[in-house]
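What follows is each chain in one-letter form.
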Amino acid sequence: MPSGEPRVYAASVDEILAGRITDVYFTRTRRILETRGMCDVEVRAEFHSYSLPRGYEWAVFAGLEEALAILKGRRVNVYAMMEGSLFRAKEPVLVIEGPYCEFAELETALLGVLRHETSIATKAARIRLAAGDKTVLFFGLRSLHPALAPMADRAAYIGGVDGVSGTEAPSYLGIKPQGTMPHALVIVFGDPREAWLAFDEVVEKDVPRIMLVDTFYDERFEALLAAETLRERLYGVRLDTPGSRRGNMRRIVEEVRWTLDLHGFKHVKIFVSGGLDEDKILDLRDVVDGFGVGTSIAFPPSVDISMDIVEVKRGNRWVPITKRGKLPGMKQVYQCSEHPLDRRIVPWGSVPGDCSSAQPLLEKVVEDGSIVVDLPSLKEIRDFVLKQLRKLQASPHGDTKK
Ligand code: PCP
């Protein structure tokens, strides 16, 4: 109950690991099963998305590390795709095998972690594809509850952005944060030149000098002013042009580029931020050097991962059983060729007949509560995502029959 004393509404890690951040129907279910002596019934529970967001052919599986942290020590086995794997609708990405009460209440937290990280990583990957080889920085922390900042930066980075702005990124990602300057700095000085010069004097020399050039005057005018003020020290300009002034952002950028070039400032790069999504990025990517993207990655379309029990152990036998609308039985997903979407879903224990070089994608990662594989580093996960995206671009359609 609110007591009058303000508080920050964030669950603690201990509450999450204890299964206290859950839906009440799971605690009731546990009580019922305990009352009936059924808590040790063994199940196989599959995590999958039967319906990706409109227009999505694939998603990026993210959040496995956190899911394993939540499951650690529980008497279960876990099978999973590698974190960073592209996956399609209906493909199982993770399976928990063990007594149901070992993980009943954890379903809420596990789905929350997997859905949210996967949704952000997937959107970041789509933005990555739209931006081509241009820089993408994630500026989305201000769109999220701060408790989620490390998760969002991690997921965006896995998905392929080049950098994130969160100051704690060195501790949770092992990378330096990247950023430019806020309008607040320019407004406090009251004169953009004074703000730019102060930035140049005070901020560490290894931070690129990227000056914000839309605060008081026209972007073309401010960009040239910034270039004449900092000359060769100016690395770039950022245009965060307000929506009310964006008649045609591409034309504004072209004007700024032309003017900088005309005055001998060809080295000055142009970055754009504010309200960017895939379509606007595609429209601008050949005239800019980089993008700052926040809300569209931080609040992406939801990749609806759900969990369903697909097998129950009766006596010594695993019996396929699940709710209608879903496929019963534990499954394996095979990679049939180099194309990331050339996949087959088959019953666990069988091999697809029409797939010559089949590679199984789900492997056992936890045995009786202990992690039994070397988990990949963040860099390895991100590199894996980028490798799959390059293959997708090289052959967008591939053989996607199931
Ligand atoms: C820009 C914008 C958003 C950032 C970039 C991402 O920040 O206002 O906060 O935009 P998006 O969420 O629309 O993708 P700044 O220009 O740094 O904002 P301000 O200077 O006003 O603090």
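Residues numbered from 1 in each chain as written. Predicted model: local features only at pLDDT ≥ 70, side-chain atom pairs only at ≥ 80, totals over all residues. Heavy atoms only, no water.

Broken down by element type, the protein chain carries 13 helices and 18 strands. Going through the 402 residues of the protein chain one by one, you find that 50% of them count as buried. Surface accessibility of the protein chain: about 19,800 Å² in total, with carbon and sulfur atoms responsible for 53%. For the protein chain, the separation between the mean place of its 54 positive charges and that of its 57 negative charges on side chains is 5 Å. (Helix = DSSP H or I, 4+ residues; strand = E, 2+ residues; numbered from the N terminus. Buried < 20%, exposed > 50% of the residue type's maximum accessible area, 1.4 Å probe, protein only. Areas by Shrake-Rupley, 256 points an atom, 1.4 Å probe, with all protein chains shown as cover. Lys, Arg positive; Asp, Glu negative; His and termini not counted. Charge placed at Lys NZ, Arg CZ, Asp CG, Glu CD.)

A few words on the site of the ligand. All residues in the neighbourhood of the ligand are listed as Phe139, Arg142, Pro182, His183, Arg238, Asp240, Ser273, Gly274, Gly275, Val293, Gly294 and Thr295. Contacts to the ligand include Gly275, whose backbone N or O atom sits 2.6 Å from an oxygen atom. At 2.6 Å, a side-chain N or O of Thr295 approaches an oxygen atom of the ligand. (Near = heavy atom within 4 Å. Polar contact = N/O pair within 3.5 Å; in protein donor to acceptor, adjacent residues only side chain to side chain.)

Relative to the assigned elements, Arg54 resides in the loop between strand E1 (42-48) and strand E2 (59-60). Judged by relative accessible area, Arg54 falls into the exposed class, the value being 84%. Each C-alpha atom, one on Arg54 and one on Asp214, is 35 Å from the other, the two residues being 160 residues apart in sequence.

Glancing now at the sheet that holds strand E7 (residues 163-164). With parallel pairing, the six strands of this open sheet are ordered in space as E7-E6-E11-E10-E9-E8. Only two strands of the sheet have a single neighbouring strand rather than two, namely E7 and strand E8 (210-212). (Pairing = 2+ DSSP bridges.)

Moving on, we come to the state of the cysteines. Under the counting rule described, the total for this entry stands at two disulfides. At a sulfur-sulfur separation of 2.0 Å, the disulfide partner of Cys39 is Cys101. Looking down the S-S bond of the Cys39 and Cys101 bridge, the torsion is -80°, so its handedness is left-handed. One end of the pair, Cys39, is in the loop between helix H2 (24-35) and E1; the other, Cys101, is in the loop between strand E5 (94-99) and helix H4 (107-131), and 62 residues separate them in sequence. For the pair Cys39 and Cys101, a shared accessibility class is recorded, and that class is buried. What pairs with Cys336 in a disulfide is Cys355, and their sulfur atoms sit 1.9 Å apart. The disulfide joining Cys336 to Cys355 has a torsion of about -120° about its S-S bond and is therefore left-handed. Residue Cys336 is located in the loop between strand E14 (331-335) and strand E15 (343-347), and its partner Cys355 is located in the loop between E15 and strand E16 (359-360); the two are separated by 19 residues in the primary sequence. (Disulfide = S-S within 2.5 Å.)

Counted according to the given criterion, the structure contains 36 salt bridges. Notably, a salt bridge pairs Glu83 with Arg154, separated by 2.8 Å at the nearest N-O pair. One end of the pair, Glu83, is in the loop between strand E3 (77-80) and strand E4 (86-87); the other, Arg154, is in helix H5 (residues 149-159), with 71 residues separating them in the sequence. A residue is classified by how much of its surface remains accessible, and Arg154, at 9% relative accessible area, is buried. (Salt bridge = Lys/Arg side-chain N within 4 Å of Asp/Glu carboxyl O.)

Over its 25 residues, H4 extends 35 Å from the first C-alpha to the last, a length consistent with the 36 Å expected when each residue adds 1.5 Å. By the criterion of burial, H4 is predominantly enclosed, with 20 of the 25 residues buried. One or two positions beyond H4, positive phi appears at Gly132, with a value near 60°. (Expected span 1.5 Å × (residues − 1).)

It is worth spelling out the environment of Thr259 at this point. Among the structural elements, Thr259 can be located in helix H10 (residues 249-262). Under the relative-accessibility criterion, Thr259 is labelled buried at 10%. Sequence-wise, Thr259 and Pro340 are 81 residues apart; in three dimensions their C-alpha atoms are separated by 44 Å. Discounting chain neighbours no more than four positions away, the residues touching Thr259 are Arg220 and Leu224. (Contact = heavy atoms within 4.5 Å.)

What follows deals with unusual backbone geometry. One non-glycine residue, Lys90, adopts positive backbone phi at about 80°. Summarising the element assignment, Lys90 is placed in the loop between E4 and E5. Lys90 gets classed as partly exposed once you look at its relative accessible area, which sits at 34%. At Arg231, a residue that is not glycine, the phi angle is positive and equals roughly 50°. Note on placement: Arg231 falls in the loop between helix H9 (219-230) and strand E9 (236-239).

Our next topic: the pairing of E14. Counted residue by residue, E14 has five buried out of five residues, so it is predominantly covered. Residue alternation in E14 divides its side chains into two sets, Lys331, Val333 and Gln335 and Gln332 and Tyr334, and both sets are buried. Where E14 lies against E15, five bridges are found, and the strand directions are antiparallel. Residue pairing in the sheet places Val333 in a bridge with Ile345 of E15. The pairing of E14 with E16 spans two bridges and is antiparallel.

Attention now moves to the sheet that holds E1. Two modes of strand pairing occur in sheets, parallel and antiparallel, and in both the strands are linked by backbone hydrogen bonds. Reading across from one edge, E13-E12-E1-E5-E3-E17-E18 is the order of the seven strands in this open sheet, with antiparallel pairing throughout. Where the open sheet ends on each side, the last strands, each with one partner, are strand E13 (317-320) and strand E18 (370-371). Summarising the sheet, E3 and E5 pair through four bridges and their orientation is antiparallel. The residue of E5 that forms the bridge with Ala80 is Leu94. The strands touched by helix H3 (residues 64-71) within the sheet are E3, E5, strand E17 (363-367) and E18, with E3 carrying the most contacts at an inclination of about 175°. (Axes fitted to C-alpha atoms, helices over the stretch in contact; angles between N-to-C directions.)

Okay, the domain arrangement of the protein chain next. The domains assigned to the protein chain are domain 1 (13-120 + 303-394) and domain 2 (180-298). Using only C-alpha atoms to locate each centre, domain 1 and domain 2 end up separated by 43 Å. (Domains from an automatic or database assignment.)

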